[in-house]
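Commentary on secondary and tertiary structure
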Amino acid sequence: MSNFGVASAFGNFYVYEDLLLHVTAENFFLEPQISHNEVLVIDRISREISLKAQQDQVPPHASGRLICGIVGIITLLSGPYLVIITKKSKVGEINGQNIWRVEETEILSYSRTLLHLTEEQIQYNKVYLSMVRSVLHTPHFYFSTSYDLTHTLQRLHNTSPDFLQMSLFERADQRFVWNNFLMRDLIAQPELHRYCLPVLHGFITIKTSVINRKTFTWCLISRRSWLHAGTRYFMRGVDSEGHVANFIETEQIVERDGCMTSFVQTRGSIPLFWSQMPNLKRKPSPRVINNENHIDSFSKHFNNQIFNYGRQVLINLVDQKGAEGHLEKCFSEMVQASKSPNIRYEAFDFHHECRKMRWDRLSILINKLAPVQDDLGYFLMLKDGTAVLVQDGVFRTNCIDCLDRTNVVQNMVGRRSLQQQLQKLGILNKDQKVEDHVNFEVVYRNVWADNADVCSIQYAGTSALKTDFTRTGKRSIAGLLSDGWNTLVRYYKNNFADGFRQDAIDLFLGNYNVEENEGVTKLCPLMKKKDMKLLALPIVLLIALAMSFYCLLTPPVHTTETIMYVIFWAVITTVTLTVILYFGAEFVDCPKLQEFRPKLKVK
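Criteria and cut-off values
Residues numbered from 1 in each chain as written. Predicted model: local features only at pLDDT ≥ 70, side-chain atom pairs only at ≥ 80, totals over all residues. Heavy atoms only, no water. Phe/Tyr/Trp six-rings, centres within 6.5 Å; stacked < 30°, edge-to-face > 60°. Helix = DSSP H or I, 4+ residues; strand = E, 2+ residues; numbered from the N terminus. Buried < 20%, exposed > 50% of the residue type's maximum accessible area, 1.4 Å probe, protein only. Patch = residues over 30% accessible without salt bridge, like charges linked within 9 Å, V, L, I, M, F, W, Y side chains within 5 Å. Areas by Shrake-Rupley, 256 points an atom, 1.4 Å probe, with all protein chains shown as cover. Salt bridge = Lys/Arg side-chain N within 4 Å of Asp/Glu carboxyl O. Polar contact = N/O pair within 3.5 Å; in protein donor to acceptor, adjacent residues only side chain to side chain. Expected span 1.5 Å × (residues − 1). Arc of directions from axis to C-beta. Pairing = 2+ DSSP bridges. Axes fitted to C-alpha atoms, helices over the stretch in contact; angles between N-to-C directions.

1. Side note on the packing of aromatic side chains
Applying the stated criterion across every chain yields a total of 18 aromatic pairs. With 6.4 Å between their ring centres and 75° between their planes, Phe 298 and Phe 331 make a pair best called edge-to-face. Of this pair, Phe 298 sits in helix 6 (residues 294-309) while Phe 331 sits in helix 7 (residues 322-338), and the two are 33 residues apart along the sequence. Note on accessibility: Phe 298 and Phe 331 belong to one class, buried.

The structure is reproduced here in structure tokens:
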């Protein structure tokens, strides 16, 4: 039995697998299925949470049903709400421990009525509730009651006896625990820790595969950090603590006959203060923010990364010309200024190098990185728990969004490591490649493409671009058309829906706390409304467009008169559209709960 993830009947870190929930007018009772000696009691009136002996606690008339776990407690205008998992599906097993995906959740109000709220507060409370639901419905959340999903195999191996005695929630890597804020009331009481379930957001797939008649388990885990989390345009760059937007740790695990290997990569936004606020343009220009201490946050970020992962190989895939080029130059200059021996910078202009669908040129980058990858290595642990190989650093890959280009390159780097892992475990022969085995090759490509899609939905709101290459190894016309459609959907969501999504994320993560007097003695931020004069412009634009088409499609009686009408409505359309684009940022759905990017001087 290895020393890092196996739950024991005598251990104290596992979380109760299933709970029986009983609801009365006064209390929530949560009764563990594997223990009949205790029950968790939540008083809906006093809000007190306590652990009591099971005997005679649950009234005979209390309704009961089986639930899968507790996500936490969040307070909105009407009071606290208990968030529970009502349905789960098994993803697979790691080291013999079950890994689950959250399929359905429910939000239960402590309050039995809304009579203590005004009509306006009731409407605001509905909006807050819809925000919480929107986060819970974003794919995908995962958990395990007996395996520490938040840590890599190598981190789990390098643990102390004291660490192994901690509860699952306490020992978790807090960067990746998305219900950290919601669990604050439960985690404050040590006796309740077996009810505290760390929930991961990201992507997990576990596949049992066969190559050369040898069975093994292959797993891909992407752990998404909740620090500096948000949506594509409203959360960019680094914050004052060194946390970057869209930071994801991706681990590739292979398990065979008790031996386990692991290879870790990371991605994250360029660690500078920069913004790319939506303004109705197809692609707003990214801008570096002046008057900020870039070097301080840059140093904090990489000090943390080096502490967690070792040496850093930075793969920067942004364009080296235009607006992206300015970001690339600033990033490169910051790396040089840091003079860190643990940081290597590798810029690769993805779009320029792979123009005209020459994606085979990615081999230039992979071949250049090959000696470095061999030096960094991967983690290998034998059946008896002995680590015979360790990973000495990571590739930290980024493009502008850390989504599409990033996933393509991570997939290729991961493939090279996987080949080494499979050869080391005796699954592949020395002269064989992963792509030689068609059945597994299809699985590998599709899993990485699914990983790209899920990570992209979480950040940008749509599936990823360029996944036709990941799935098939070729760029196709169908893939270009699919990318075009996703680009249009992204445009709509990033301009007209992401303000709500950003607010929802901040509410869920505790970046904004609802106060119960909002809408009465305190202004509710949801009251902010658009200027009616601005809202009138889109209506004028639609009318002008409709009239232009009407004049063009209606059979002309007087040709000159028809031409004049067309010109008139065309002018109205052009002028209105010009005004809308000029004041584009005013029409964007911006977050209401937080002021994200102050209007600082940019360069």
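2. Digging into a nonpolar patch on the surface
Side chains of Leu 542, Leu 545, Phe 549, Leu 552 and Leu 553 sit close together on the surface and give an oily, nonpolar patch of about 570 Å² of accessible area. Mapped onto the secondary structure, Leu 552 falls in helix 15 (residues 532-553).

3. Observations regarding the side chain of Ser 146
Examined against the element boundaries, Ser 146 turns out to sit in the loop between strand 9 (141-143) and helix 2 (153-157). Within polar-contact distance, the side chain of Ser 146 engages the side chain of Gln 97 at 2.7 Å.

4. Structural notes on helix 6
Between the first and last C-alpha of helix 6 there are 22 Å, a value that for 16 residues agrees with the 22 Å anticipated at 1.5 Å per step. Of the residues making up helix 6, those classed as buried are His 294, Ser 297, Phe 298, His 301, Phe 302, Gln 305 and Tyr 309. One side of helix 6 holds all its buried residues, which, seen down the axis, span an arc of 125°. Opposite the buried face of helix 6, by more than 90 degrees, sit the exposed residues Asn 303 and Phe 307.

5. Side note on the sheet that holds strand 3 (residues 38-43)
Sheet architecture is open: five strands sit in the order 4-3-2-1-5, paired in antiparallel fashion. One side of each edge strand has no neighbouring strand; the edge strands of this open sheet are strand 4 (49-53) and strand 5 (63-67). The sheet shows a mean angle of 25° between the axes of neighbouring strands, taken without regard to direction. The pairing of strand 1 (residues 19-23) with strand 5 spans five bridges and is classified as antiparallel. The residue of strand 5 that forms the bridge with Leu 19 is Ile 67.

Purely spatial values, then, with no claim about function.
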